[in-house]
Amino acid sequence: QVQLVESGGGLVQAGGSLRLSCAAAGRIFSTYVMGWFRQAPGKKREFVAAIRWYGRSTYYADSVKGRFTISGDNAKNTVYLQMNSLKPEDTANYYCAADSNDSGSVYFDITYEYWGQGTQVTVSS
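Keep in mind it's a predicted model, so treat the numbers as computed, not measured.

### Notes on the state of the cysteines
Point 1. A full pass over the atoms with the stated rule returns one disulfide.
Point 2. For Cys22, the disulfide goes to Cys96, at an S-S distance of 2.0 Å. Between Cys22 and Cys96, the disulfide has an S-S torsion of -75° and is therefore left-handed. You can see Cys22 sitting in strand 3 (residues 18-25) and its partner Cys96 sitting in strand 9 (residues 92-99), a full 74 residues away along the chain. In terms of burial, Cys22 and Cys96 fall into one category: buried.

### Observations regarding the packing of aromatic side chains
Point 1. Tallying each qualifying case throughout the model produces seven aromatic pairs.
Point 2. When the centroid spacing of 6.2 Å and the interplanar angle of 85° are considered together, the rings of Tyr59 and Tyr107 count as edge-to-face. Here Tyr59, found in strand 6 (residues 58-60), pairs with Tyr107, found in the loop between strand 9 and strand 10 (114-115); they are 48 residues apart in sequence, far enough to count as distant.
Point 3. In this structure an aromatic cluster arises from ring pairing among Phe37, Phe47, Tyr59, Tyr107, Tyr112 and Trp115.
Point 4. Residue placement shows Arg45 over the ring face of Trp115; its charged tip is 3.9 Å from the ring centre.
Point 5. Positioned above the aromatic ring of Trp53, the side-chain terminus of Arg56 is 4.2 Å from the ring centre.

### Considering the sheet that holds strand 3
Point 1. Spatially, 1-3-8-7 is the arrangement adopted by the four strands of the open sheet, whose pairing is antiparallel. Every other strand in the sheet has two partners, leaving strand 1 (3-7) and strand 7 (68-73) as the edge strands with one partner each. Here the average twist between neighbouring strands, direction ignored, is 15°.
Point 2. Strand direction decides the pairing type here: strand 3 and strand 8 (residues 78-83), joined by six bridges, are antiparallel. Across the sheet, the residue bridging to Leu18 is Met83, located in strand 8.

### Notes on the pattern of salt bridges
Point 1. In the structure shown here, the tally under the stated rule is six salt bridges.
Point 2. For the salt bridge of Arg67 with Asp90, the shortest nitrogen-to-oxygen distance reads 2.8 Å. Note that Arg67 is positioned in the loop between strand 6 and strand 7 and Asp90 in the loop between strand 8 and strand 9, a separation of 23 residues in sequence. Judged on exposure class, the residue Arg67 and its partner Asp90 are both buried.
Point 3. Several salt bridges share partner residues, and in doing so they unite Arg38, Glu46, Arg67 and Asp90 into one network.

How each quantity is defined
- Residues numbered from 1 in each chain as written.
- Predicted model: local features only at pLDDT ≥ 70, side-chain atom pairs only at ≥ 80, totals over all residues.
- Heavy atoms only, no water.
- Disulfide = S-S within 2.5 Å.
- Helix = DSSP H or I, 4+ residues; strand = E, 2+ residues; numbered from the N terminus.
- Buried < 20%, exposed > 50% of the residue type's maximum accessible area, 1.4 Å probe, protein only.
- Phe/Tyr/Trp six-rings, centres within 6.5 Å; stacked < 30°, edge-to-face > 60°.
- Lys NZ or Arg CZ within 6 Å of the ring centre and 35° of its normal.
- Pairing = 2+ DSSP bridges.
- Axes fitted to C-alpha atoms, helices over the stretch in contact; angles between N-to-C directions.
- Salt bridge = Lys/Arg side-chain N within 4 Å of Asp/Glu carboxyl O.

What follows is the structure, given as structure tokens:
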């Protein structure tokens, strides 16, 4: 069982940066895939980024590629999402997720068993 707690959201102007953190209570094992998803009001939850804990392969949605960076810290059991050059369309509630078995496509939310409660990111124009 893994509990995930996100932090780091807030209000930022377009062009600014934020770093989201996802602290895992419970060890993140090498088989894990950690992901970030987001959901804006009235829209479906969408994939943002993912990282395989073993080997640190990373994956990004086209909409954030080149602007966002996902990374992990073994010692702190924490996953980060560095978000640069933020745009108003990045406004959403951001969720951290964990897949303990690397069991499916990293791009699909149904792959992930554990979810955090989310942190709000608002980008003003």
